[in-house]
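Coordinate analysis (summary)
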Amino acid sequence: MSNTISDEHLLYGSSPLASSMSPTRSQLISGDDNYYNPQDGSSPTSLLHNNPSTDDDDKSVLKQRFYIPMLTRILTAILAISLIGVVFCVLPYFAVEAGKKGHMNQTLYWIAGCFVLITVPISVLGIVQHLVNWYMPQVQKFVVRILFMVPIFSIQSWFSLFFHSASPYLTAIRELYEAFVLSSFVYYIIELSGGEDQLANKLRMKDPKLGHHGCLVRSQCGNWQMGRPFLLNCKYGVLQFVFFKIVTTIVVIILHSQDAFHKGEWGWNSSYMYLAIIMNVSIGYALYCLVTLYLATKDELKEWNPIWKFLW
């Protein structure tokens, strides 16, 4: 791996100046004042005084590094003020006016919009922070996928209040992404543990009782041998939910287009009942496998505490 910041930072790595003027690790640690580190808040103007030999092109690039972040902060402040005005003034006004006219659906729509405009920017900010500080791509890509769940679910729920006819199709998109996130969380745990090979070696040294199950699961799956068999059983136990989720979602869309699917209708002739049973069994087993894997690796993962990302 290169010893310059340009290879470690997503934004600064794309700068044409990063490769020629980026300080090395030793220079950063020693506190060499002749190098400008854009992450420590030092001023490019002071750097120019310390390096009188810098040519005009380098001065121009350094000034851009100073003014562009300032302009970004100003634009961010303007957007934040505008967003606050919309959330706390404009949308509540529309909600009150719709309520006065007796349009309760529109009232609910505008109230929900307030919460969407609060949650989505916060989630996007977390995503952007990970993309800017892209130091562990093999791990962070799964975190970004999990964080995208919040804006996708929020926007889908909001649109479903207004576009009633398209609600089943919007719900299908949400459910497919839900399955994708659940599988991402499994791979997130695996990557935090060093990858499949290292995790399998660590699991081989664990207590064999971790692979033992209760009567119901043991009667169907038996006990799992610690090591790679345990890891594969947990992983495939979660991935089966992804498969069933995709299949049932496609079936629901087809049945809904034929007016043969009625949500909440229970009966022997109801397609909803059979699909609900299949999905509840599938997700129940997937969550069981996920929790089993987490309990077996919680000592290695206590530094990262990934359970809060899952609960969130």
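Some remarks on the side chain of Ser184
In this structure, Ser184 sits in helix H8 (residues 167-192). What Ser184 contacts, discounting residues up to four positions off in sequence, is Phe142 and Arg145.

Focus on the state of the cysteines
Inspection of every chain in the model, using the stated rule, returns zero disulfides. The thiol of Cys114 is not disulfide-bonded; the next cysteine sulfur, from Cys89, is found 10.0 Å away. Unpaired in this structure, Cys234 has its nearest cysteine sulfur neighbour in Cys289, at a distance of 5.7 Å. The class for Cys234 is buried, based on a relative accessible area of 1%.

Describing the packing of H8 against helix H12 (residues 271-301)
Running from N to C, H8 and H12 point in directions that differ by 20°, and their axes come no closer than 10 Å. Considered as vectors, H8 and H12 are oriented roughly parallel to each other. With respect to the hand of their crossing, H8 and H12 are arranged in left-handed fashion. In this structure, H8 contributes Glu178, Leu182, Phe185, Val186, Ile189 and Leu192 to the contact, and H12 contributes Ile283, Ala286, Leu287, Leu290, Leu293, Thr297 and Leu301. Residues of the contact of H8 with H12, tallied by class, amount to 11 nonpolar, one polar and one charged.

With respect to the pattern of salt bridges
Here the structure, examined in full by the defined rule, presents seven salt bridges. Arg228 serves as the salt-bridge partner of Glu196, at 4.0 Å between the closest nitrogen and oxygen. Residue Glu196 is found in helix H9 (residues 196-204), and its partner Arg228 is found in helix H11 (residues 228-257); the two are separated by 32 residues along the sequence. Residue Arg228 is joined to Asp197 by a salt bridge in which the shortest nitrogen-to-oxygen separation is 2.7 Å. Of this pair, Arg228 sits in helix H11 while Asp197 sits in helix H9; the two residues are 31 residues apart in sequence, bridging distant segments of the chain. The exposure class of Arg228 is partly exposed, given its relative accessible area of 31%.

Rules behind the numbers
- Residues numbered from 1 in each chain as written.
- Predicted model: local features only at pLDDT ≥ 70, side-chain atom pairs only at ≥ 80, totals over all residues.
- Heavy atoms only, no water.
- Helix = DSSP H or I, 4+ residues; strand = E, 2+ residues; numbered from the N terminus.
- Contact = heavy atoms within 4.5 Å.
- Disulfide = S-S within 2.5 Å.
- Buried < 20%, exposed > 50% of the residue type's maximum accessible area, 1.4 Å probe, protein only.
- Axes fitted to C-alpha atoms, helices over the stretch in contact; angles between N-to-C directions.
- Parallel < 35°, antiparallel > 145°, perpendicular 65-115°, else oblique.
- Left-handed = near helix turned anticlockwise from the far one by under 90°.
- Nonpolar A, V, L, I, M, F, W, Y, C, P; charged D, E, K, R; others polar.
- Salt bridge = Lys/Arg side-chain N within 4 Å of Asp/Glu carboxyl O.

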